[in-house]
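Examining the three-dimensional arrangement
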Amino acid sequence: MSRPLDPTQTHPMVMPDGTAVRTVVHLNRVISHPRMEIGDFTYFGHLEPLEDHAAYLAPFLFPLSPERLVIGRFCQIAHGVRFVTSSANHAMGGISTYPFQNFMMSSATTAEDIRAMFEQAQPKGDTIVGNDVWFGMEAMVMPGVTIGDGAIIGARAVVTRDVPAYSVVTGNPGAVARRRFDDATVAALLDIRWWDWPVALIEANVAAITSCDIEALRAVR
């Protein structure tokens, strides 16, 4: 008998002998960050111990950052993946891009001052990741992009622009290498949205979800 899916588990991968794989975590069980939103069942498989998953995954996203990192449900994030969010940017409107203000803060510097510093650096807005997106090893996502549902981001790809749903992106800069399905199939999958089903319904239909049988998925509805 299969183990049930459990979004409350910190370590969701458990071997037949009951040993939990400690390097695989449900991200929303180990991250509590005011600027990050992560859906259930999205996991991160990092091969080395981490003390702070949020700081590793999005090192330039701070509590006072104006942007957010939003990741949907059932995403699969491999070792070394990083999100470079908008607060990493430097202001480019002047002669120098050196962030002098970062190194000249004092006890008089307020939270509003810090927010203004981030805003002056021309933030590109939120980074949004859909559902069921697979990130290959050491992929990097640059500020302000939106990645559609069902996309695949290849190992070491650098995502610099929006990614359509169910596309495969490879290379640096990342480019769409191919579409996973034709337009009609993509439209059907975006309508079905299996990732929003009750967990018991997902468990009962894993075979259909992991096949290419759209009619089987439609029949569940």
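Everything numeric here is computed off the predicted structure, so don't read it as measured data.

1. Looking at the side chain of E67
The residue E67 is located in the loop between α2 (53–57) and β4 (69–71) in this model. For E67, which is buried and forms no salt bridge, the nearest opposite charge comes from R35, at a distance of 6.5 Å. A polar atom in the side chain of E67 sits 3.2 Å from the backbone nitrogen of S86. Polar side-chain contacts of E67 include one of 2.7 Å to the backbone nitrogen of S87.

2. Some words on the pattern of salt bridges
A side chain of one charge can pair with a side chain of the opposite charge when the charged atoms of the two come close. Taken as a whole and assessed by the stated rule, the structure comprises nine salt bridges. The shortest N-O distance in the salt bridge between R193 and D149 comes to 3.8 Å. Taken together, the residues span a long stretch of sequence, with R193 in the loop between α4 (183–192) and α5 (199–204) and D149 in the loop between β10 (146–147) and β11 (152–153) at a distance of 44 residues. The exposure class assigned to R193 is partly exposed, which follows from its relative accessible area of 31%. Among the residues examined, D149 registers a relative accessible area of 12% and is labelled buried. Of the charged contacts, one joins D196 and R193 as a salt bridge, the two residues approaching to 2.8 Å between their closest N and O atoms.

3. Section: the sheet that holds strand β8 (residues 134–135)
Strands sit in the order β1-β3-β5-β8-β11-β13-β14 across an open sheet of seven strands; the sheet is mixed. Sheet topology places β1 (24–26) and β14 (175–179) at the edges, where each strand pairs with a single neighbour.

4. As for the pairing of strand β13 (residues 167–170)
Across two bridges, β11 lies against β13 in parallel orientation. Following the sheet pairing, I153 is matched in β13 by V169. Two strands pair when backbone bridges link them, and β13 and β14 are joined in this way by four bridges, in the antiparallel orientation. Bridging from a neighbouring strand, V168 pairs with R178 of β14. The loop that links β13 with its antiparallel partner β14 comprises four residues; one of these, G171, has a positive phi angle of about 90°.

5. With respect to α4
Those residues of α4 that fall on the buried side of the exposure criterion are T185, V186, A188, L189 and I192. Burial along α4 is one-sided: seen end-on, the buried residues are contained in an arc of 160°. Facing away from the buried surface of α4 by more than 90 degrees, the exposed residues are D183, A184 and D191. If you follow the buried residues of α4, they end up packed against β14 and α7 (214–220). Phi turns positive, to about 50°, at R193, one or two residues after α4.

6. Some thoughts on the nonpolar core
Of all hydrophobic cores here, the largest spans 30 residues; its most connected members are I71, F83, F135, I147 and I153. For this core, the secondary structure elements donating two or more residues are β2 (36–38), α2 and β4. Examining the composition of this core, we find that three residues originate from one element, α2, more than from any other. Each residue touching F83, except ones within four places of it in the same chain, is listed here: L57, A58, P59, L69, I71, T127, V129, F135 and V141. With 16 residues, the next largest nonpolar core counts F74, I192, I202 and I214 among its residues.

7. Regarding the sheet that holds β10
Here we have four strands laid out as an open sheet, ordered β2-β4-β7-β10, and parallel in their pairing. Two strands lie at the open edges of the sheet, namely β2 and β10, each paired on one side alone. Relative to β10, strand β7 (residues 127–129) is paired through two bridges, and the arrangement is parallel. Across the sheet, residue I128 finds its bridge partner in β10, namely T146.

8. A closer look at the state of the cysteines
Scanning all chains against the criterion turns up zero disulfides. Residue C75 stays outside any disulfide, its sulfur separated by 19 Å from that of C212, the closest cysteine. Accessibility expressed as a relative area gives 67% for C212, which makes it exposed.

9. Topic: a nonpolar patch on the surface
A surface patch of nonpolar side chains, about 520 Å² in accessible area, is lined by Y98, F100, F103 and M104. Within the secondary structure, Y98 is located in the loop between β6 (82–83) and α3 (111–120). On the basis of relative accessible area, Y98 is assigned to the partly exposed category, the value being 48%.

Rules behind the numbers
Residues numbered from 1 in each chain as written. Predicted model: local features only at pLDDT ≥ 70, side-chain atom pairs only at ≥ 80, totals over all residues. Heavy atoms only, no water. Helix = DSSP H or I, 4+ residues; strand = E, 2+ residues; numbered from the N terminus. Buried < 20%, exposed > 50% of the residue type's maximum accessible area, 1.4 Å probe, protein only. Lys, Arg positive; Asp, Glu negative; His and termini not counted. Salt bridge = Lys/Arg side-chain N within 4 Å of Asp/Glu carboxyl O. Polar contact = N/O pair within 3.5 Å; in protein donor to acceptor, adjacent residues only side chain to side chain. Pairing = 2+ DSSP bridges. Arc of directions from axis to C-beta. Contact = heavy atoms within 4.5 Å. Core = buried A, V, L, I, M, F, W, Y, C linked by side-chain atoms within 4.5 Å. Disulfide = S-S within 2.5 Å. Patch = residues over 30% accessible without salt bridge, like charges linked within 9 Å, V, L, I, M, F, W, Y side chains within 5 Å. Areas by Shrake-Rupley, 256 points an atom, 1.4 Å probe, with all protein chains shown as cover.

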